[in-house]
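# Geometric and topological summary
Okay, here's what each chain looks like letter by letter:
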Amino acid sequence: MEQIRIHGRGGQGSVTMASMLAKAAFESGKEAQGFPSFGVERLGAPIEAFVRIDDREITDRSQVYEPDIVIVQDPTLIELVDVEEGLDEDGIMVVNTSEDVDDLNLETEAEVVAVDATNIALEHLGKPIMNTALCGAFAKVTGLVEKGSMAKVIEETFEGEIGEKNVKAMEEAYEVC
Amino acid sequence: MEKMLTGYDAVAEAVKACNPDVIPAYPITPQTDIVEKISEMVADGELTSEYVRVDSEFNAASTALGASAAGARIFTATCSQGLKLMSEPLFSASGMRLPLVLGIANRSLSAPLSIWGDHTDTFAERDGGMIQFYAEDVQEAMDNIALAYRVAEDKEISLPALSCLDGFILTHVQEKVDAFTEKEIKEFLPERDPVHTLDPSDPTTMGAYARPEHWTETRYEVHKAVKRAKDKIGEAVEDFADIFDREYGLEHSGLVETYRSEDADVIIVALGSVCGTIRYVIDEYRDKGEKVGLVRPRVYRPFPKEELNKVLEDAEAIAVMEKDVSLGYQGGLAIDLKSSLYSNGTMIPVLNYIVGLAGRDVTKDNIRKVVEETKDVRGKDPRDVEEEERWEPLRDELLSGDKDD
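Residues numbered from 1 in each chain as written. Chains lettered and ligands numbered in written order. Predicted model: local features only at pLDDT ≥ 70, side-chain atom pairs only at ≥ 80, totals over all residues.

Our focus in this paragraph is the confidence of the model for chain B. Across chain B, pLDDT averages 97, with 99% of residues at or above 70. Both scores are given for the predicted complex: the pTM is 0.97, the ipTM 0.96. (pLDDT = per-residue confidence, 0-100.)

Glancing now at the interface of chain B and chain A. Contact with chain B, which involves 22 residues of that partner, is made by 16 residues of chain A. For the side of chain B that touches chain A, the secondary structure elements donating two or more residues are β8 (174–178) and α9 (274–287) of chain B. Here the element with the most residues in the side of chain B that touches chain A is α9(B); it accounts for 5 residues. Sheet analysis places strand β2 (residues 31–36) of chain A next to β8(B), joined by 2 bridges and oriented antiparallel. Its bridge partner lying in β8(B), A:Gln33 is registered against B:Glu175. (Contact = placed C-beta atoms within 7 Å. Helix = DSSP H or I, 4+ residues; strand = E, 2+ residues; numbered from the N terminus. Pairing = 2+ DSSP bridges.)

Take helix α4 (residues 147–157) of chain A next. Residues and elements named next belong to chain A. All of the buried residues along α4 are Met150, Ala151, Val153 and Ile154. Taken around the axis of α4, the buried residues stretch over an arc of 165°, which confines them to a single face. Set apart from the buried face of α4 by more than 90 degrees, the exposed residues are Gly148 and Glu156. Close packing links the buried residues of α4 with α1 (14–27), α3 (131–142) and α5 (160–176). (Buried ≥ 20, exposed ≤ 12 C-beta atoms within 10 Å, placed from the backbone. Arc of directions from axis to C-beta.)

Okay, the environment of A:Pro36 next. Tracing the backbone through its elements, the reader meets A:Pro36 in strand β2. With 18 residues separating them along the chain, A:Pro36 and A:Ala18 place their C-alpha atoms 7.7 Å apart. With residues up to four places along the chain from it excluded, the contact list for A:Pro36 reads A:Val15, A:Ala18, A:Ala49 and B:His172.

Residues and elements named next belong to chain A. Two elements in contact, α1 and α3, have axes whose closest approach is 10 Å; the angle formed by their N-to-C orientations is 40°. If you check the angle between α1 and α3, you find them oblique. With respect to the hand of their crossing, α1 and α3 are arranged in right-handed fashion. Listed contacts from α3 to Thr16, Met17, Met20 and Leu21 of α1 are Asn131, Leu134, Cys135 and Phe138. Classifying every residue of the contact of α1 with α3 gives 6 nonpolar, 2 polar and no charged. (Axes fitted to C-alpha atoms, helices over the stretch in contact; angles between N-to-C directions. Parallel < 35°, antiparallel > 145°, perpendicular 65-115°, else oblique. Left-handed = near helix turned anticlockwise from the far one by under 90°. Nonpolar A, V, L, I, M, F, W, Y, C, P; charged D, E, K, R; others polar.)

Here we take up the domain arrangement of chain B. Residues and elements named next belong to chain B. Along its sequence, chain B is organised into domain 1 (2–244) and domain 2 (256–398). Relative to domain 2, the C-alpha centre of domain 1 lies at a distance of 28 Å. Domain 1 puts 26 residues into the contact, and the matching count from domain 2 is 20 residues. Broken down by secondary-structure element, the contributors of at least two residues to the side of domain 1 that touches domain 2 are α5 (120–123), β6 (131–134) and α8 (212–244). The residue inventory of the side of domain 1 that touches domain 2, partitioned by class, reads 13 nonpolar, 6 polar and 7 charged. (Domains from an automatic or database assignment.)

Right, let's talk about α9(B) for a bit. Residue and element names in this part refer to chain B. Here α9 contains 14 residues, and its C-alpha end-to-end distance of 21 Å stays within 8% of the 20 Å for a straight helix at 1.5 Å per residue. If you check which residues of α9 are buried, you get Val274, Cys275, Gly276, Thr277, Ile278, Arg279, Val281 and Ile282. Structurally, α9 contributes buried residues whose contacts are with β9 (256–259), β10 (266–270), β11 (292–297), β13 (317–322) and α12 (364–375). In the stretch just after α9, Gly289 is the one whose phi turns positive, near 85°. (Expected span 1.5 Å × (residues − 1).)

This next bit is on the sheet that holds strand β5 (residues 92–96) of chain A. Taken in spatial order, the 8 strands of this open sheet run β6(A)-β5(A)-β4(A)-β1(A)-β3(A)-β2(A)-β8(B)-β1(B), and their pairing is mixed. Two strands in the sheet have a free side with no partner beyond their single neighbour: β6 (111–115) of chain A together with β1 (2–6) of chain B. Strand after strand, the sheet turns through a mean of 25° between neighbouring axes, direction not considered. Packing against the sheet, helix α1 (residues 7–18) of chain B makes contact with β1 and β8 of chain B, and its axis sits at approximately 115° to β1(B).

Quick look at the structure:
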């Protein structure tokens, strides 16, 4: 079973991202579970969301303590939250940042992948809504969800032209990672 | 059709398929998303139910009671303090033999204020003559809504039913669900055919004043109806399995589900979503060759005494892990289970663990510790096992004194 933790801020769509990744895993023929950190959400405050992906039915209802993959939507969180906590040393961390990995002040032994998802989102959407680009990076570096499944879920989540633009953002991030 | 749904979406979809006539609704976290979703369905014309926005949960349950008396199919949802406000009309509804189906997103009760989940809210309604279902996953939360309607509206039952799913843990998780539609559910769930209705052309009185010479017999009839629900749940679960190919404890009248418990020395008994996590720990023990199993009551009232006694009789030690406590004594499920076993002469030690209150995570380590401690009392006479407080875990640094005071 692969466990994923997403770090974002209230309003950045961490829960939507967890939902899209879980749905894409389901579309890729896997079992999946997506859930938010339970409780009260506030705009701008650090927030977490989780995904589990497996080949067999997932019935684990406990929280995620040792993720295999961590996604950081907002690099300013690295100074505020222990985004590395519990991350498996063979795991992967995907960070939305314009900086080089070496400049991120991370100590984890896990592989760290930097992707400028905000910039990709600005190019395609004209807005810094970077979730779909990060989904593309996730699909590429983890191989846990298929690109086609990811595109299908994004089109279902955002209808029409907005959906198409988000698919393009996802695909560009997939290519550059 | 299989799709990814949250628990609240799945309950709303189930309600849509069962097509109630009247839905009085009032929001409370973490149930709010259920009635919000349903209000969207009504606003979008997908659901033709009369959606009544009321000013409190007391009014929601009272409106539900009134509409049920007029012969309508009813749905409402709540939890926690909201269920306490509904409690008075719900006790009346059972006494008046009016079927209602409620979705309950189980949550703790104040104080301290907590929005997180446990079973304190529904356990406090135990004695009200309501059927109580507990779901382990989102699929079961959806399916239990249909089962609840079928049993609650049965003419021989005619009672309120609470279809419980763990707040946040199940309401807010998204997972794969095989969702049924209104067309599919029609084969399983007939239209409501009420025994008596409030009708101006043929006036009747419901819930009238009863003097001591009548009241006891009325209550006895409600008691018998709740007990009769056991067989009705068994029949409903069989029909459901035939139509939808999903089974819920078929061998145990749909009341109890078991996991690797047939030859188990140590058995954990628990309700709801925590059972999913317990399954992983049981697999670990089984991989080591240790005989550990799970018994999961799907229904708490009526209490599945015979079914539990049967699946537990060969165990050497039992742990009840429950998300409620009757303050001043023990957990409600453990109290009932011990009465059930010991009155049957089945003298197996039962350790009572209070876990997961107000959303505290129940980890695999917590469950392993429970199994290890329960292994230590295998084969003992229950009278030789000390009755100590087992709250797993309890943070000693937050307590005012010795926890065993």
